[in-house]
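# Notes for the structure review
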Amino acid sequence: MESKHMSAFALYQTVQLDLPPPVKKPFQRVQVEVKKKKKKVNGSAAANVNQTRAKRKKIRNKLVKAANKESKKAGSDITQQEEKSVTGESLDALLTELTRVNNSRERASKLFQWLIKPVPAKYFFRETWEKKPVYVQRKNPDYYRGLFSTAEFDRILREENVQYGVNLDITSYVNGKRETHNPPGRALPFTVWDFYESGCSVRLLNPQAFSSTVWNVLSILQEQFGSMAGANVYLTPPGTQGFAPHYDDIEAFVVQLEGKKHWRVYNPRSKDEVLPVLSSPNFDQAEIGKPILDVVLEAGDLLFFPRGFIHQGNCLPDAHSLHITISSYQKNSWGDLLHKVIPAALEVAMEEDVAFRRGLPLDYLTYMGVQNSEKEDPRRVEFLARIEKLMKRLPNYAPVDAAVDQKAREFFHDCLPPVLTPDELATSVQGALTRWEDGNAKDVGVNITTQTCIKLLRAGCARLCSDGDAVHLCYTTDNSRVYHKEELKSFEIQTEVYLFCVSGLMLYIVLWTSALLFLKYFFQHTDAVEFLIHSYPNFVTVGTLPCDSVQDKIALAELLFEKGIIHTSEPLQAPPTVQSH
C-alpha cells in the first residue's frame, strides 16, 4: 500500500500535541493539477483568468486609494512618497561606485539615500525619524534587486549550518494565535520548504552572517546610524500571516524584495508606548484600534515605521512575499546613556562632596516611604527638598565623556566588520603578500618607514576610550559577522599604581610588567592615535605621528597595520632579505 507524505508542519503538530497528523496531498498531484489548469487557459477560460486578474487589480487599486484616503485623514502622521516610477542604479552598481569613495561616512550617506529614495535624507531625519511612518511606492520591482532573494535563501539552507531557533524561525498566525514551530537541529531545505508549503512563514534572523551583500550593506549603514544595523529576512506563503500585531524597540525599514504584502500600521496606544524601551507582546485585533496606514507593498517599495508603532503584515492570496527588515537604534536613547552617567556621577559625588556622605535623619523611616506617602508632615517636605538639592548638584560630578565611551564600547562590540574594497584589500594586512612558496615563507613582514602614508581603514573602525583606570583602543576590524560571537576587540591596559615613601621621595611603582608594551603605546602615544583618528579621511605619513622617537612612530604604525586598523596609500613590500655570507 502506498504511504502518504506527512509534512514537517504536520509532524511537528503530532509531536507537540499528540494528535493524529493531518495528511498532505502528494506533491506530484499538485503538479498535475496545476498542469491541467494551465491546459484549460484558452478561449472562455482565458477570459475568466483575465477577469480574475482585472478583479485583483481593482482590489489592489481600492486598497491603495483607501490607504491614500486614510493617510490624508492622518495629516502629518504619515509621510507617503508616490512616483509614477522611481528609477535608480542597481545595488551592484552602487556598491561598486561606493568602493571609489574615499570617505566611509560619505559612503554611508550615499547608500542610505539610495535606500529611502526619493525621500531626501535631511528631510527624513528632521521630519519622520522617530516620529511617523514613511511609505515609498516606487512601481519599480527591480529597485532592490541583488540585496537578497529566495534563490539566495535556498542556497543558504543548502550550504550553511542554519540552526532552528538560532538562525531561523518557523512561525504561523492563525485565528488570532501566534505560534513558533521550530524543531531542534539544523534547518535543511527538505524540512523548511515543507513547513512553507504548509502555510508557515520563515524568518532568517541574521542574514548578514550568510549573505555577503547584506553584510556589506549593513556594515556601511552602521556608520550612518552610529548604532548597530541589523536585519531579518521574512518569507511568507500566499494567503497567510506569520506574526501577530506588535510593536518593536527598533527603527524599522521594511524593504520589499519579491511578491507583495499587505501592511497595516497603527499609532502607539498611549504616550507610554511612544519610543518604547522594549518590544511589545502580541496584541489581539481588538486592542489596537484602526490603522493609520493600510498599504500593499510590492517589490521595490519601502515602508518605515519608528519603534512603538504597532504593525502587522499578511500575504494576499495571489503572491508570496519576501522582505528584509533593516533595523537600528535599539537601546540608543538619552535614557540609555543616563543609565551609565548617573551611577558614575553618584560614585564621584560621594568621593568628592561631603554633602552626599552625611547621614540620613535618625527618624526618617517614621515619615518617609509608601506607608507615609499620604501624610502631611513638614519633615517630608524638608526631606524631599534635600533630595532635590543633592540631585541638582549631581551634574557637576557627571563623567559624561566616560559614559559616552562606555556606550561606544558597546556599539563597537555590536558592529559588523568592514567589507574591504579592492583597494583596501591590496593596501591592508589582509592583502599582504606573505605566503608559503617552494617550501619557505615568502615576503614575511612589511617595510614601513617614516615616508609611508597611512590612514584608518574606516572612519568608525577605531576609537580611544577610557574608563578612568585604563586607556583602550577599541576596533571593529576583527569582529565576527555573527552577533557577539567574540569579545570586544581592544587594546586594554590595566595598571595598578602604589605610592611608597622612601627617604622622603615619592616613588611610583607600576605593576603588571606584561602590559609594558601597551603602557608605552597608550600612555606615550595617545596623541598619535588621536592624530590618526582626526586626520581621517586624509593619509598622513608615519613621520608626522606625534611620538617621541622615529622607532616609536614606526612601531605604532606596524602594530596598527597588523591589527587591520590602518591601511597604506600604496601596497607595501616586504623588507629586503639580508643574505648571510
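Scope of this entry: the structure provided in the associated data block. (Residues numbered from 1 in each chain as written. Predicted model: local features only at pLDDT ≥ 70, side-chain atom pairs only at ≥ 80, totals over all residues. Heavy atoms only, no water.)

## A short note on the pairing of strand β10 (residues 310-314)
- With 5 of its 5 residues buried, β10 lies for the most part within the structure.
- Of the two faces of β10, the one lined by I310, Q312 and N314 and the one lined by H311 and G313 are each fully buried.
- For strand β7 (residues 251-266) and β10, the ladder comprises 5 bridges, and the chain directions are antiparallel. Note that in β10 the partner of Y266 across the bridge is I310. (Buried < 20%, exposed > 50% of the residue type's maximum accessible area, 1.4 Å probe, protein only. Helix = DSSP H or I, 4+ residues; strand = E, 2+ residues; numbered from the N terminus. Pairing = 2+ DSSP bridges.)

## A few points about the pattern of salt bridges
- As enumerated under the stated definition, the model contains 21 salt bridges in all.
- For K489, the salt bridge goes to E486, with nearest N and O atoms at 2.8 Å.
- A single salt-bridge network, built from bridges that share partners, covers E152, R155, E159 and E160. (Salt bridge = Lys/Arg side-chain N within 4 Å of Asp/Glu carboxyl O.)

## Overview of the pairing of strand β5 (residues 201-204)
- Side-chain alternation along β5 places S201 and R203 on one buried face and V202 and L204 on a second face that is also buried.
- Of the strand pairs in this sheet, strand β3 (residues 168-174) and β5 are connected by 4 bridges, and their pairing is antiparallel. Pairing of D169 across the sheet is with R203, part of β5.
- Relative to strand β6 (residues 230-236), β5 is paired through 3 bridges, and the arrangement is antiparallel. Looking across to β6, one finds that L204 is bridged to V233.

## Overview of the packing of helix α10 (residues 334-352) against helix α12 (residues 400-414)
- Two elements in contact, α10 and α12, have axes whose closest approach is 8 Å; the angle formed by their N-to-C orientations is 125 degrees. On the basis of their axis angle, the class for α10 and α12 is oblique. Pair α10 / α12 crosses with right-handed handedness. Taken together, the residues of α12 that come into contact with α10 (itself represented by D336, L337, K340 and V341) are A403, V404, Q406, K407 and E410.
- Residue composition of the contact of α10 with α12, by class: 4 nonpolar, 1 polar and 4 charged. (Axes fitted to C-alpha atoms, helices over the stretch in contact; angles between N-to-C directions. Parallel < 35°, antiparallel > 145°, perpendicular 65-115°, else oblique. Left-handed = near helix turned anticlockwise from the far one by under 90°. Contact = heavy atoms within 4.5 Å. Nonpolar A, V, L, I, M, F, W, Y, C, P; charged D, E, K, R; others polar.)

## Quick word on the environment of N216
- One can find N216 in helix α9 (residues 212-225).
- The exposure class assigned to N216 is buried, which follows from its relative accessible area of 17%.
- Residues in contact with N216, not counting those within four places in the same chain, are L95 and V419.

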